[in-house]
Amino acid sequence: MKVILHVDMDSFFSAVEVRENPELKGLPVIVGGKIKAEEEKDTGEPDRKIRGVVSTCSYEARAYGIHSAMALSKAYELCPDVKFLPVNMPLYKRVSGEIMSILRKYADKIEQVSIDEAFLDVSTKVRRDWNDAREYAQMIKKEILEREGLTCSIGIAPNKTIAKIASDFLKPDGLTVVEQGKASEFLAPLPVKKIPGVGPKTEEMLKKMGIEQIGQLTSCDVQELVAKFGKYGTRLHLIANGIDESDVEEEWQRKSLSRERTFAEDTKDASVLNKCVDRLAEEVYNAIKEGGFVFKTVAIKVKFEDFTVHTRAKTLKSFHSDLNTLSKTAKELMMEFSEGKREEKGYGKKIRLVGVRVSNLGVVDEKQRRIINFSEIMSGQNF
Ligand code: TTP
Ligand code: MG
């Protein structure tokens with residue numbers, strides 16, 4: 001039995017902001033505007049003149065008709081009291097990484113498809129029936145809620161497309177199971193736009209053909225769909241019939257794991273810097289442990305008060321997975337920037353941000369008793 005889960009976080013950016021600012025709980029909240037650079041200070045003041053669009057909003061804001069991609073000015077018109085927060089991408093990326101580490105533990109295979117959603121193949125984890133699958137998903141929801149304070153919606157189905165449609169079926173905090181053999185029954189009454197990839201244009205064209213619900217696609221002549229949409233026509237017909245053979249594709253492109261922190265006040269204090277490196281190393285270590293990774297390369301990043309960025313990396317002879325090696329290596333690398341040396345090198349500047357990264361990641365394949373190396377590439381991007 002093939003069991004696929006699609007997990008999608010609820011009103012992701014705004015849910016994270018509400019978590020960080022509990023006084024916003026229960027209020028209409030929008031996150032949007034221009035992307036806030038990591039170093040920009042958040043004024044906390046709603047800037048009604050701000051241009052840009054809503055990235056997302058809380059479900060309380062959605063009750064006013066506000067939605068993603070709406071102009072901020074329009075959102076304020078609909079709800080003058082709405083709380084506005086600028087996009088804080090580094091924060092959401094970090095939370096996303098933590099959520100993906102939790103999900104990874106539950107999956108045979110995982111494919112992250114956006115910052116807040118992933119497909120999980122859990123076929124070998126769920127052995128008995130679809131009730132088993134439901135309980136498994138409840139465990140995942142519980143862990144995400146307990147550890148991250150966030151809710152998600154999950155769809156469970158025999159294939160990816162139905163799982164995705166199912167996760168969207170009940171939101172927020174939903175759980176929808178579509179059992180094998182019940183797919184077309186589940187899909188039939190849904191509007192065609194629920195099929196991933198069907199945008200307003202396709203929807204309009206289908207409407208002209210008299211097709212508004214997914215069920216109507218099943219009784220439609222495939223040739224007619226192919227004539228209108230080419231190959232995608234065949235796919236539409238298959239999906240409507242509950243068929244999708246695509247596999248969950250593991251993200252072998254994962255190359256590094258990192259954590260970084262900006263100090264409240266720029267510092268030169270070696271003990272503060274070392275403490276910070278230790279803490280970051282521990283956070284990275286937790287992510288490694290949860291993901292079941294091993295690492296070969298440790299790197300640190302330092303951003304000075306003038307925003308110049310320097311990185312130092314060391315590749316070890318073999319794979320490691322322990323905290324001691326990680327923090328020891330990171331602190332050794334940090335020595336380069338310790339006060340004496342910095343002055344010598346002409347740096348002599350205060351530090352505003354420190355980051356710790358591991359790359360050259362592998363996973364231990366217990367069956368074959370060997371380490372599968374993700375990639376030898378060490379990319380300097382997206383530290
Ligand atoms: P979504 O999962 O589409 O939306 P959501 O998580 O905010 O709400 P829900 O899933 O409960 O319906 O997108 C995930 C994040 O991506 C979202 O929190 C913000 C960002 N995003 C944008 O920045 N612009 C957009 O137009 C959309 C749709 C999302
Ligand atoms: Mg979402």
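The structure presented is a predicted model; accordingly, all values stated were derived computationally and were not measured.

Criteria and thresholds
- Sequence order sets the numbering: in each chain, residues are counted from 1 along the sequence as written.
- Each chain takes a letter, starting from A, and each ligand takes a number, starting from 1, following the order in which they are written.
- Thresholds applied to this predicted model are a pLDDT of at least 70 for local features of residues and 80 or more for the giving and counting of side-chain atom pairs; totals over whole chains, interfaces and linings are not thresholded and use all residues.
- Values shown for side chains rest on all heavy atoms present in the structure; no hydrogens or waters enter the calculation.
- Going along the chain from the N terminus, every DSSP run of H or I of four or more residues is numbered as a helix, and every run of E of two or more is numbered as a strand.
- Between N or O atoms, a polar contact is any pair within 3.5 Å; within protein, one atom must be a potential hydrogen donor and the other a potential acceptor, and residues adjacent in sequence are included only when both atoms are from side chains.
- Note on contacts: a residue pair qualifies if any of its non-hydrogen atoms lie within 4.5 Å across the two residues.
- Metal coordination here is assigned from N, O and S atoms located within 2.8 Å of the ion, or within 3.2 Å for Na, K and Ca; omission of water means that sites may look incomplete.
- Throughout this description, buried means an accessible area under 20% of the type-specific maximum (1.4 Å probe, protein chains only), exposed means over 50%, and partly exposed covers the range between.
- Put simply, a residue is near a molecule or strand once any heavy atom of it comes within 4 Å of that molecule or strand.
- For the accessible areas, the method is Shrake-Rupley and the probe is 1.4 Å, while residue cover comes only from the protein chains on display.
- Residue classes follow a fixed rule: Ala, Val, Leu, Ile, Met, Phe, Trp, Tyr, Cys and Pro count as nonpolar, while Asp, Glu, Lys and Arg count as charged, and any other residue, Gly among them, counts as polar.
- Working definition: a ring pair exists when centres of Phe, Tyr or Trp rings (six-membered ring for Trp) sit within 6.5 Å. Plane angles under 30 degrees give stacked, over 60 give edge-to-face, the rest tilted.
- Note on geometry: axes are C-alpha line fits, over the in-contact stretch for helices, and angles between N-to-C directions span 0 to 180 degrees.
- In what follows, roughly perpendicular refers to angles from 65 to 115 degrees, roughly parallel to angles under 35, roughly antiparallel to angles over 145, and oblique to any angle outside these ranges.
- Note on definitions: salt bridges are taken to be side-chain nitrogens of Lys or Arg within 4 Å of carboxyl oxygens of Asp or Glu.
- Only strands that DSSP links by at least two bridges are regarded as paired with each other.
- Confidence of the predictor at the level of single residues is given by pLDDT, which spans 0 to 100.

(A) Inspection of the side chain of Glu143 at higher detail. Its place among the elements puts Glu143 in helix 5 (residues 130–148). At a separation of 2.6 Å, a polar atom in the side chain of Glu143 contacts the side chain of Tyr106. If we ignore the near neighbours within four places in the chain, the residues touching Glu143 are Ile102, Lys105, Tyr106 and Glu148.

(B) Representation of the coordination of the magnesium ion (ligand 2) within the structure. Bound to the magnesium ion (ligand 2) are the protein donor atoms Asp8 (OD), Met9 (O) and Asp116 (OD), situated 2.0 to 2.2 Å from the metal. One chain supplies every donor for the magnesium ion (ligand 2), spaced along it as D-M-x106-D. In this pair, Met9 sits in strand 1 (residues 4–9) while Asp116 sits in the loop between strand 5 (109–114) and strand 6 (117–121), placing the two residues 107 residues apart along the sequence. When its relative accessible area of 3% is taken as the criterion, Met9 is described as buried.

(C) Just the site of ligand 1, in detail. Near ligand 1 there are 13 residues, and of these Ser11, Thr56, Tyr59, Arg62 and Asp116 occur at the shortest range. In this structure, an oxygen atom belonging to ligand 1 sits 3.0 Å away from a main-chain N or O atom of Phe13. Separating an oxygen atom of ligand 1 from a side-chain N or O atom of Thr56 is a distance of 2.4 Å. Compared with its free state, where it exposes 560 Å², ligand 1 has 68% of that area covered by protein. For the shell around ligand 1, the elements supplying multiple residues, two or more each, are strand 1, helix 1 (12–20), strand 3 (54–57) and helix 2 (59–62). When the residues that make up the shell around ligand 1 are grouped by side-chain class, the tally is four nonpolar, four polar and five charged.

(D) Main features of the packing of aromatic side chains. Throughout the structure, instances matching the rule amount to five aromatic pairs. Ring centres 5.6 Å apart and planes at 80° place the aromatic pair Tyr106 and Tyr136 in the edge-to-face group. In this pair, Tyr106 sits in helix 4 (residues 89–106) while Tyr136 sits in helix 5, placing the two residues 30 residues apart along the sequence. Looking at Tyr136, the relative accessible area reads 13%, which means it is buried.

(E) Helix 10 (residues 222–229), seen in detail. Measuring from the backbone nitrogen of Gln223 back to the side-chain oxygen at the start of helix 10 gives 3.2 Å, which picks out Asp221 as the cap. Once helix 10 finishes, Gly230 follows within two positions and takes phi at roughly 65°, a positive value.

(F) A look at the packing of helix 1 against helix 4. Two elements in contact, helix 1 and helix 4, have axes whose closest approach is 10 Å; the angle formed by their N-to-C orientations is 95°. Classed by the angle they form, the pair helix 1 and helix 4 counts as roughly perpendicular. Residue-level contacts link Phe12, Phe13, Val16, Glu17, Arg19 and Glu20 of helix 1 to Met89, Leu91, Tyr92, Val95, Ser96 and Ile99 of helix 4. Across the contact of helix 1 with helix 4, the residue classes break down as eight nonpolar, one polar and three charged.

(G) Fine view of the pattern of salt bridges. Here the structure, examined in full by the defined rule, presents 23 salt bridges. Notably, a salt bridge pairs Lys164 with Glu117, separated by 2.8 Å at the nearest N-O pair. Here Glu117 lies in strand 6 and Lys164 lies in helix 6 (residues 160–169), a separation of 47 residues in the sequence. On the basis of relative accessibility, which here comes to 27%, the residue Lys164 falls in the partly exposed class. One network of salt bridges, with partners in common, ties together Asp8, Asp10 and Lys171.

(H) Quick peek at the sheet that holds strand 5. Read across the open sheet, the five strands follow the order 5-6-1-7-8; overall the sheet is mixed. Here the strands that pair on one side only, and so sit at the sheet edges, are strand 5 and strand 8 (175–177). Going across the sheet, the axis of each strand differs from the next one's by a mean of 15°, ignoring polarity. With three bridges joining them, strand 7 (residues 152–157) and strand 8 adopt parallel strand pairing. In the strand pairing of strand 8, Ile154 is matched with Leu175. Sheet strands touched by helix 5: strand 1, strand 6, strand 7 and strand 8. Its angle to strand 7, the strand with the most contacts, is close to 160°. Its contacts with the sheet place helix 6 against strand 1, strand 5, strand 6, strand 7 and strand 8, and it is angled at close to 145° to strand 7.

(I) Examining the confidence of the model for the protein chain more closely. Scored by pLDDT, the protein chain has a mean of 87; 86% of the residues are at 70 or more. Low pLDDT, under 50, characterises residues 35–42; the predicted model gives this stretch 15 contacts beyond four residues in sequence or across chains. Per-residue pLDDT stays below 50 along residues 375–383; that stretch engages in 23 contacts with residues further than four places along the chain or on separate chains.

(J) Representation of the pairing of strand 12 (residues 351–359) in the model. The element strand 12 is largely enclosed, with a buried count of nine among its nine residues. Here eight bridges tie strand 9 (residues 256–267) to strand 12, and the two strands are oriented antiparallel to one another. Across the sheet, the residue bridging to Arg261 is Val354, located in strand 12.

(K) Inspection of the environment of Lys317 at higher detail. Note on placement: Lys317 falls in strand 11 (residues 309–320). C-alpha of Lys317 to C-alpha of Thr297: the two residues are 20 residues apart in sequence and 9.1 Å apart in space.

(L) Inspection of the side chain of Ser153 at higher detail. Take Ser153: it is sitting in strand 7. The class of Ser153 is buried, set by a relative accessible area of 0%. For Ser153, the side chain forms a polar contact with the main-chain oxygen of Leu170, separated by 3.4 Å. A polar atom in the side chain of Ser153 sits 3.2 Å from the backbone nitrogen of Gly174. Setting aside residues no more than four positions away along its own chain, Ser153 makes contact with His6, Val7, Asp8, Asp10, Lys141, Ser167, Leu170, Lys171, Pro172, Asp173 and Gly174.

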